[in-house]
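Now for the letters of each chain:
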Amino acid sequence: QLTNVSGSSLSRHPAWSPGGSAIAYTKFGPTEANCETQYVIYLMDTAGNPIGPVTCPPAGEYMTAGDSEPAWSPDSQEIAFSRIRYLGRSSQLHKVNIATNVVTKLTDSPDTGYDEFTAAWSPDKTAIAVGSGRDGDYDIWLVDPNGGGYQTNITDSNPDIDGYPVFGK
């Protein structure tokens, strides 16, 4: 059993690293040192031993909300995730560099009800697919993983709610 993580009252959204050496997940529990939220992206090894947090939302607008839905890059160097704002109740796509814990914001929502969720990296690491409500309905968008914003709405012709993208190999 890997989900009985010490210091966590809720563990969800597990994602195995491509090389199989670590698992990223959303950890809810006591606040990490210098972190204003209880939701962080946390790593453990495959035996369930904690490695530690890789994200910590800043004080203020992210208080009591936080980070969730981790998705590993194909080279295991970065994790894309949703950062949920408490004020405004919306989320944006971010990524974190595993070696440095440096977080980069990849999208920006203008107001409430605008969410980015369930990211997936392309196999060549040139795009991240994400479910997004940026145009009023939920479509799957391709986002530049280097911070260049949205590239393409790939499900715009579908009026239904689209999300949970995956890439083939």
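Use the structure listed above.
In this text, all values refer to a predicted model and were calculated from it rather than measured experimentally. (Residues numbered from 1 in each chain as written. Predicted model: local features only at pLDDT ≥ 70, side-chain atom pairs only at ≥ 80, totals over all residues. Heavy atoms only, no water.)

Engineer: Now, about the packing of aromatic side chains: what can you tell me, with residues and values included?
Structural biologist: Under the criterion given, the structure shown has 4 aromatic pairs. Look at Phe117 and Tyr164: their rings are 6.1 Å apart centre to centre, the planes differ by 70 degrees, and that puts the pair in the edge-to-face class. In this pair, Phe117 is assigned in strand β9 (residues 116–121) and Tyr164 in the segment after β12 (149–153), connecting sequence segments 47 residues apart. Residue Phe117 is classed as buried on the basis of its relative accessible area of 16%. On the basis of relative accessibility, which here comes to 65%, the residue Tyr164 falls in the exposed class. Taking the centre distance of 5.3 Å and the plane angle of 65 degrees together, the rings of Trp141 and Tyr150 count as edge-to-face. Here a set of aromatic residues connected by ring pairs shows up, and it is made of Phe117, Tyr138 and Tyr164. Residue placement shows Arg134 over the ring face of Tyr150; its charged tip is 3.8 Å from the ring centre. (Phe/Tyr/Trp six-rings, centres within 6.5 Å; stacked < 30°, edge-to-face > 60°. Helix = DSSP H or I, 4+ residues; strand = E, 2+ residues; numbered from the N terminus. Buried < 20%, exposed > 50% of the residue type's maximum accessible area, 1.4 Å probe, protein only. Lys NZ or Arg CZ within 6 Å of the ring centre and 35° of its normal.)

Engineer: I'd like a description of the sheet that holds β9, backed by residues and values.
Structural biologist: Spatial strand order, β9-β10-β11-β12: 4 strands in an open sheet with antiparallel pairing. Of all strands in the sheet, those with a lone pairing partner are β9 and β12, marking the two edges. Averaged over all pairs of adjacent strands, the angle between their axes in this sheet comes to 35 degrees, without regard to strand direction. Bridging between β9 and strand β10 (residues 128–132) involves 4 bridges; their strand directions are antiparallel. Following the sheet pairing, Ala120 is matched in β10 by Ala129. (Pairing = 2+ DSSP bridges. Axes fitted to C-alpha atoms, helices over the stretch in contact; angles between N-to-C directions.)

Engineer: Describe the environment of Met44, with residues and values.
Structural biologist: Along the chain, the position of Met44 falls in strand β3 (residues 39–45). For the pair Met44 and Ser21, spaced 23 residues apart in the sequence, the C-alpha separation amounts to 8.9 Å.

Engineer: Report on the pattern of salt bridges, specifying residues and quantitative values.
Structural biologist: Under the criterion given, the structure shown has 4 salt bridges. As a salt-bridge pair, Lys125 and Glu78 come within 2.9 Å of each other at their nearest N and O atoms. In this pair, Lys125 sits in the loop between β9 and β10 while Glu78 sits in strand β6 (residues 78–84), placing the two residues 47 residues apart along the sequence. A residue is classified by how much of its surface remains accessible, and Lys125, at 25% relative accessible area, is partly exposed. Connected through salt bridges with shared partners, the residues Asp75, Glu78, Lys95 and Lys125 form a single ionic network. (Salt bridge = Lys/Arg side-chain N within 4 Å of Asp/Glu carboxyl O.)

Engineer: Quick one: what's the story with the side chain of Thr26, residue by residue and with numbers?
Structural biologist: Among the secondary structure elements, Thr26 is positioned in strand β2 (residues 22–28). Its relative accessible area of 1% is what places Thr26 among the buried residues. One polar contact links the side chain of Thr26 to the main-chain amide nitrogen of Glu69, over a distance of 3.2 Å. Look past the residues within four positions of Thr26 in its chain and what remains in contact with it is Leu10, Ser11, Arg12, His13, Tyr39, Val40, Ile41, Asp67, Ser68, Glu69 and Pro70. (Polar contact = N/O pair within 3.5 Å; in protein donor to acceptor, adjacent residues only side chain to side chain. Contact = heavy atoms within 4.5 Å.)

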